Amino acid sequence: MRFKRFVVLFLVLFGLSDAAFAQVYSFGVLPQRSVVLTAQYWNPILDYVQRKTGIELTLKVARTAPESTEAMERGEYDFVYSNTIFHPKMAQANYQVILMPRDEAIKGQIVTLADSPIRTLKEIDGREVGFPSLSAFVGYAVPMNHLLGQKITVTPVFGGNQEGIMGQLKSGKVLAAGVNNQVMAAFAERENIKYRILWESPPFNNLPIAVHPRVPKKIVDAVKVAIDSMERESEGARILERSAQVIGQKSPYGFQLASPLDYKSYKDFYKHLLLQESK
Amino acid sequence: MFDYWNRLPFIGRLLFTASMALLLAGAVMLFVSARQEAFEVRSDLESALVQELELLPTALAETVVIGDYATLKQSLERFVAQPLISSVEFQDAAGAHLASSDISHDAKAPDWFLSLFNFSDVKGRASIVVGGKNYGELTVTLTANDLSNRAWSRLKGHLGILFLAIVLDFIGIWLVLRQGLAPLKNLQAATHAIAAGNVDIHLNLAGSAELRGVIESFNAMAASVQASQEALRQSKEQLQLAINGVNDGIWDWNLLTNDVYYSPKWKEMLGYADFELPNIFATFEGLLHPDDKEQVTQIISSYLNDEIKSYSIESRFKHKDGSWRWILARGMALRDEQGLPYRMLGSHTDMTERKQLQEDLRNKVNFIDAILQSAGSLIVAIGRDGAIVQFNKAAEDFTGYTFSEVAGQPFFWSRFLLPEQQSGVTKVFESALSGNIKKRYENYWVSRDGEKRLFDWSNAVVNDNEGQMQFLITIGADITERKLHEEDLKRSNDELEQFSYSISHDMRQPLRMISSYMQLLESSLAGGLDDSTREYFSFAIEGAKRMDKMMLGLLEYSRIGRKGEPSSWVESRQLLDDALLFLRPAVSEVNAQVRIEGEWPRVYVSEDEILRLLQNLISNALKFRTAARTPDVLVTSVIDSKAWHVCVSDNGIGIMPDQIGRLFHVFQRLHARSEYEGTGVGLALCRKIAEHHNGSIHAESDGEGYGSRFCVDLNVPHEIAKSGT
């Protein structure tokens, strides 16, 4: 296995033709955070990939998650970092998972501030609950689907992204919010707030890196190898750590090779989807 | 140049200097201020540029990362709209170029200002690097025009302020100096005025503290000068007044030059005008009486030689009219340190009139003394202490005492009085001391040898200026013999009155018998009498009746003051009303008008007599009427402090003035009995009633046909009556 990786890396680094590597590929990222934070996180990684592989990956960040999802639905990006690709409507774009994060699987949570009088889900029945966006998976689709299953009716309020709705939760604009458990934990640590988990979903692997079928396989392989190996390579590990610090991510950093099976839970979720508004 | 400068007034030089200094200082300050502002502008621009270059990449990072160049363009336009930013450009890594629109920032300041203070735009560049990726380069240009415009505007404003400050400074200095120098100007004018002799000056305090101090000192000096001059003037005036007003002539003899000043009064005293006599010693010598020269010369010499201590001498000087004037000369010499006289001043007082007065007084004294001594009456003057101060020869002769014996001894005169009269006379003297003098009284004096005689004393007092009695002068006329004669006369009158009464009373009885028997005889012989005999009988009876009436009148006349009622207080108006009541038939008969006027007092009289008086006067007024006029009788009453005056006026027949004297005699008639009935006693009766009341009666008339007026003045006690007019 290690030998195979070495070969792939060798081929990626030295075996690809100049013509193939001269092309610029887009790397679309689902905007979970602000554009700048997203760029600060991804640009060093993409720069590392370019330096390692000669493949130039240009970061593409839409202003909002729906815009990003729509672009992905249209297959505009060569590479994507998103979990919206498992939605049934994205099937036509046919993005294929190539890498998954090394960190723990994410969970959807419905949280409230620790000093809030809300202590059970029942208590949010009939009230406003914040969500990142319609396209947020563990932040909206998963918790909202659960609420529907529990016959708990809430009025969703969207914050645009995870940071946005967490900010509203912190400021008290919403009593409870549907969040990504990891993003929420990192936000709480960074902003020094305490929160209460009213409900938590089964684990979902975090956002994968997927590739559009039009990207040549050698390019995909080169990119896969370069990103996968970053955590093991000193410069790559340093870049990952630095980027992780930008968004408050804890180790383990980086990505590892993955297959669609690793995201079967998403497929299963969508099979039992009650929520109609999810994108 | 310097001449012109020196000719400028102080205020002009100060104004020019102050204004130029302010202008120069202001210009330097403005230059420094503008340069400092230019420096600060550059510094501010550079700081602003640094700030913009720090902020802009961050602000544009998201848009650049997204690659939303439309939004980026809008952002650039938004940025360039901010102050100071004139342009913002972005060029991405691929060479794409975005630029903002040019925003006009026109320079309003002139080029020289911009170049002098180095106002220029600043430009800077910054890359937009996110996550280590350079997305492109921003070029920001900040314009200095806005700030230079502001600096230029400020400079102009400051220049305006400087100009205003200079103008205000100019005006302020001018006003302050004008006001501040005004006291100096006043001071200068006041100084000139004092130099010109006008010292009545007082300047108001004004100006600065120093000037106030100077003005105060000046005022004090002016006041001092004024006081000195006033004192000098008053002194001169007093001297002149003394010279002119004291009626003394002043002379001032310079012993060294022998010049003598004679005041106009000195010369006027001798009848000369000021210019008529030369001011030399010879004038004095020439006018001095020859007989007095030796004495005067000797006294002057003695005084100058300090042999006598004062110079005072009376001598005669020749008046211009040739008469000689007695002059009292007094003087005082001024002596030097050695005691030698060098000047002598003095006065001349005209003593002529005083000497004449003394002579006149002496003559009058001698005259009065001669009268006193030659008077037949006793004349005694008594001082306040009761001592005799004057005792004439008649007094000496009667009393047997000389003046020297009685003089100076208080109440010595009481020795001349009868013992029972001493206290009464002493009271008279004490009353005179307190201002109540009893002018006349009678008493007896007894001489040294015991002769007793009755004197009628007339008193008068001599008061001092305060009205206090100084002397009581009493003149006593010896009435011893006269008193005896009066008593004899009274006794004779009483006997005569008694005789008259007896005659008139006792003679009426046989007269009535004659009348009655004549009537009986006429009746018994009535049938045998012829007309002539009957007429004789009638004449005889009528004559007897008339004689009875005359006797009755005479009887009434004699009763006046003898048999009448004693006096009592009666209302005079009531008496008048009673009289008119009795006369009512007579008044009605002649249809007369009787008017009453005046103030009718309450009087102390014999009621019957006054009633008779009023009846007689009013009755006469009704009786002696003329057929041509309705009788109009006016009865008036007037009172004064001494008497009650009653008058009865009529519009009757009147009286010839030469007949008025006969009216009040008994049995005197002015008209035939056939014309007016009467006995001729009525008015005589009125006169006697008036005299019985210490009064008198008189008649007035402008002649026959002009009516008459009879007035009675009664010296009786009276008071305001309750009854009116």
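**Comments concerning the overall build of chain A**
At step 1: Counting secondary structure elements, chain A contains 10 helices and 11 strands.
At step 2: A total of 279 residues make up chain A; the buried ones form 52% of that total.
At step 3: Taking contacts inside chain A between residues at least 6 apart in sequence as the whole, the part at least 24 apart equals 79%.
At step 4: Surface summary for chain A: the accessible area is close to 12400 Å², and the carbon and sulfur share equals 52%.

**A short note on the overall build of chain B**
At step 1: Of the regular secondary structure elements, chain B holds 19 helices and 22 strands.
At step 2: Considering chain B as a whole, with its 725 residues, one finds that 36% of them fall into the buried category.
At step 3: Of the contacts made within chain B by residues no fewer than 6 positions apart, 58% connect residues no fewer than 24 positions apart.
At step 4: Element-wise, carbon and sulfur atoms account for 55% of the exposed surface of chain B, whose accessible area totals about 41500 Å².

**A few points about the interface of chain B and chain A**
At step 1: Counting from both sides, the interface comprises 10 residues of chain B and, opposite them, 10 residues of chain A.
At step 2: For the pair chain B and chain A, the two sides together bury roughly 920 Å², of which 57% comes from carbon and sulfur.
At step 3: Area buried by chain B at its contact with chain A is led by Glu62, Ile66 and Gly131 of chain B, which between them contribute 48% of it.
At step 4: For the salt bridge of arginine 63 of chain A with aspartate 68 of chain B, the shortest nitrogen-to-oxygen distance reads 2.9 Å.
At step 5: At the junction of chain B with chain A, the criterion picks out 3 residue pairs in polar contact (both at pLDDT 80 or more).
At step 6: Elements represented by at least two residues in the side of chain B that touches chain A include exactly α2 (10-66) and β4 (133-142) of chain B.

**Digging into a nonpolar patch on the surface**
Residue and element names in this part refer to chain B.
At step 1: Taken together, the side chains of Leu24, Val28, Phe31, Val32, Trp112 and Leu116 present a nonpolar region at the surface, about 600 Å² in accessible area.
At step 2: Secondary structure elements with two or more residues in the nonpolar patch: α2 and α4 (111-116).
At step 3: Among the elements that take part in the nonpolar patch, α2 stands out by supplying 4 residues, more than any other.
At step 4: Note that phenylalanine 31 resides in helix α2.

**Examining the environment of tyrosine 266 of chain A**
Residue and element names in this part refer to chain A.
At step 1: For tyrosine 266, the position within the fold is in helix α10 (residues 264-271).
At step 2: Note on tyrosine 266: relative accessible area 0%, which makes it buried.
At step 3: Separated by 179 residues in sequence, tyrosine 266 and histidine 87 have C-alpha atoms that sit 7.9 Å apart.

**Remarks on α10 of chain A**
Note: α-helices contain 3.6 residues per turn, so residues at a spacing of three or four share the same orientation.
All names here are of chain A.
At step 1: Looking at α10, one finds that the buried residues are Tyr266, Phe269 and Tyr270. The buried side chains of α10 occupy one side of the element, clustering within an arc of 95° when seen end-on.
At step 2: Elements in contact with the buried residues of α10: β5 (106-113), α5 (137-149) and β9 (195-204).

**Observations regarding the sheet that holds strand β4 (residues 96-101) of chain A**
Residue and element names in this part refer to chain A.
At step 1: Taken in spatial order, the 6 strands of this open sheet run β2-β1-β3-β10-β4-β11, and their pairing is mixed. Since the sheet does not close on itself, it has two edges, and those belong to β2 (56-61) and β11 (255-257), each with one partner. Adjacent strand axes in the sheet meet at a mean angle of 30°, parallel and antiparallel pairs treated alike.
At step 2: For β4 and strand β10 (residues 209-211), the ladder comprises 3 bridges, and the chain directions are antiparallel. Within β10, the position partnered with valine 97 by the bridge is alanine 210.

**Considerations on the state of the cysteines**
Two cysteines form a disulfide when their sulfur atoms are joined by a covalent bond.
Residues and elements named next belong to chain B.
At step 1: Enumeration according to the criterion identifies 1 disulfide over all chains in this entry.
At step 2: Covalent S-S linkage joins cysteine 647 and cysteine 711, the inter-sulfur distance amounting to 2.1 Å. Measuring handedness by torsion sign, the sulfur bridge of cysteine 647 and cysteine 711 sits at about 115° and is right-handed. In this pair, cysteine 647 is assigned in strand β19 (residues 644-650) and cysteine 711 in strand β21 (residues 708-714), connecting sequence segments 64 residues apart. Like cysteine 647, the residue cysteine 711 is buried in the burial classification.

**Concerning the packing of aromatic side chains**
At step 1: Summed over all chains, the structure comprises 49 aromatic pairs over all chains.
At step 2: Plain terms: the ring middles of phenylalanine 27 of chain A and phenylalanine 79 of chain A are 6.4 Å apart, the flat faces sit at 20° to each other, and that makes the pair stacked. On the criterion of sequence distance, the pair formed by phenylalanine 27 of chain A in strand β1 (residues 24-29) and phenylalanine 79 of chain A in strand β3 (residues 79-81) is long-range, its members being 52 residues apart.
At step 3: Phenylalanine 27 of chain A sits in the buried class, given a relative accessible area of 0%.
At step 4: Ring geometry for phenylalanine 131 of chain A against tyrosine 140 of chain A: centres 5.0 Å apart, planes inclined by 80°, an arrangement best described as edge-to-face.
At step 5: Among the aromatic side chains, those forming a connected cluster through ring pairs are Phe391, Phe398, Tyr401, Phe412, Phe416, Trp445, Phe455 and Trp457 of chain B.
At step 6: Seen from the ring of tyrosine 303 of chain B, arginine 335 of chain B lies directly overhead, with NZ or CZ sitting 5.6 Å from the centre.
At step 7: A cation over a ring is seen here: lysine 452 of chain B above tyrosine 444 of chain B, with NZ or CZ 4.6 Å from the ring centre.

**Some thoughts on the pairing of β5 of chain A**
Residue and element names in this part refer to chain A.
At step 1: Within β5, 7 of the 8 residues are buried, which leaves it mostly tucked inside the rest of the structure.
At step 2: Relative to β9, β5 is paired through 7 bridges, and the arrangement is antiparallel. Of the residues in β9, the one forming a bridge with isoleucine 106 is phenylalanine 204.

**Overview of the pattern of salt bridges**
At step 1: On inspection of all chains with the given rule, the structure shows 47 salt bridges over all chains.
At step 2: Arginine 687 of chain B is the partner of glutamate 691 of chain B in a salt bridge, and the nearest nitrogen-oxygen pair spans 3.2 Å. Here arginine 687 of chain B and glutamate 691 of chain B lie together in helix α19 (residues 682-692), a separation of 4 residues that amounts to about one turn.
At step 3: Via salt bridges that share partners, Asp47, Arg51, Lys52, Glu233 and Glu235 of chain A belong to a single interconnected network.

**A few points about the sheet that holds β4 of chain B**
All names here are of chain B.
At step 1: The antiparallel open sheet is built from 4 strands, whose spatial order is β2-β1-β4-β3. Sheet topology places β2 (97-99) and β3 (122-130) at the edges, where each strand pairs with a single neighbour. Going from strand to strand, the sheet's axes swing by 20° on average, the running direction of each strand aside.
At step 2: Here 7 bridges tie strand β1 (residues 85-92) to β4, and the two strands are oriented antiparallel to one another. Along β4, the bridge assignment pairs isoleucine 85 with leucine 142.
At step 3: Together, β1, β2 and β4 form the strand contacts of helix α3 (residues 69-80), whose direction differs from that of β1 by roughly 155°.

**Concerning the packing of helix α3 (residues 35-53) of chain A against α2 of chain B**
At step 1: For the pair α3 of chain A and α2 of chain B, the least separation of the axes is 9 Å and the interaxial angle reads 65°. In terms of orientation, α3 of chain A and α2 of chain B fall into the roughly perpendicular class. Considering how the two elements wind past one another, α3 of chain A and α2 of chain B form a crossing that is left-handed. Facing Val35, Val36 and Ala39 of chain A of α3 of chain A, the residues of α2 of chain B in contact are Ala61, Glu62, Val65 and Ile66 of chain B.

**Focus on the nonpolar core**
At step 1: Core analysis: the biggest nonpolar cluster contains 119 residues, and Phe27, Trp42, Leu59, Phe79 and Ile124 of chain A together with Phe113 of chain B have the highest contact counts within it.
At step 2: Every residue in contact with phenylalanine 113 of chain B, bar those within four places of it in the chain, is listed here: Ala34, Phe119, Ser148, Ala151, Trp152 and Leu155 of chain B.
At step 3: Within the second largest apolar cluster, 45 residues are counted, among which are Ile560, Leu576, Leu685 and Phe710 of chain B.

**A look at unusual backbone geometry**
With glycine set apart, most residues show a phi of negative sign, and most peptide bonds adopt trans.
At step 1: Although it is not a glycine, asparagine 192 of chain A adopts a positive phi angle of roughly 60°.
At step 2: With respect to the element layout, asparagine 192 of chain A can be found in the loop between α7 (181-191) and β9.
At step 3: For asparagine 192 of chain A, a relative accessible area of 69% puts it in the exposed group.
At step 4: Phi at asparagine 118 of chain B is positive, roughly 60°, even though this residue is not glycine.

**Re the confidence of the model for chain A**
At step 1: With 91% of its residues at a pLDDT of 70 or more, chain A has an overall mean of 86.
At step 2: This stretch, residues 6-19 of chain A, has a pLDDT under 50; its non-local contacts, to residues over four places away or in other chains, come to 18 contacts.

**Section: the packing of helix α18 (residues 607-623) of chain B against α19 of chain B**
Residue and element names in this part refer to chain B.
At step 1: It is the contact of α18 with α19, at a shortest axis distance of 9 Å, that shows an interaxial angle of 145°. As α18 packs across α19, the resulting crossing turns out to be left-handed. Two secondary-structure elements touch here, α18 through Glu609, Ile610, Arg612, Leu613, Asn616, Leu617 and Asn620 and α19 through Gly682, Leu683, Leu685, Cys686, Ile689 and His692.
At step 2: Split by residue class, the contact of α18 with α19 holds 7 nonpolar, 4 polar and 2 charged.

The rules behind the values
Residues numbered from 1 in each chain as written. Chains lettered and ligands numbered in written order. Predicted model: local features only at pLDDT ≥ 70, side-chain atom pairs only at ≥ 80, totals over all residues. Heavy atoms only, no water. Helix = DSSP H or I, 4+ residues; strand = E, 2+ residues; numbered from the N terminus. Buried < 20%, exposed > 50% of the residue type's maximum accessible area, 1.4 Å probe, protein only. Contact = heavy atoms within 4.5 Å. Areas by Shrake-Rupley, 256 points an atom, 1.4 Å probe, with all protein chains shown as cover. Buried area = accessible area lost by both parts, 1.4 Å probe. Salt bridge = Lys/Arg side-chain N within 4 Å of Asp/Glu carboxyl O. Polar contact = N/O pair within 3.5 Å; in protein donor to acceptor, adjacent residues only side chain to side chain. Patch = residues over 30% accessible without salt bridge, like charges linked within 9 Å, V, L, I, M, F, W, Y side chains within 5 Å. Arc of directions from axis to C-beta. Pairing = 2+ DSSP bridges. Axes fitted to C-alpha atoms, helices over the stretch in contact; angles between N-to-C directions. Disulfide = S-S within 2.5 Å. Phe/Tyr/Trp six-rings, centres within 6.5 Å; stacked < 30°, edge-to-face > 60°. Lys NZ or Arg CZ within 6 Å of the ring centre and 35° of its normal. Parallel < 35°, antiparallel > 145°, perpendicular 65-115°, else oblique. Left-handed = near helix turned anticlockwise from the far one by under 90°. Core = buried A, V, L, I, M, F, W, Y, C linked by side-chain atoms within 4.5 Å. pLDDT = per-residue confidence, 0-100. Nonpolar A, V, L, I, M, F, W, Y, C, P; charged D, E, K, R; others polar.

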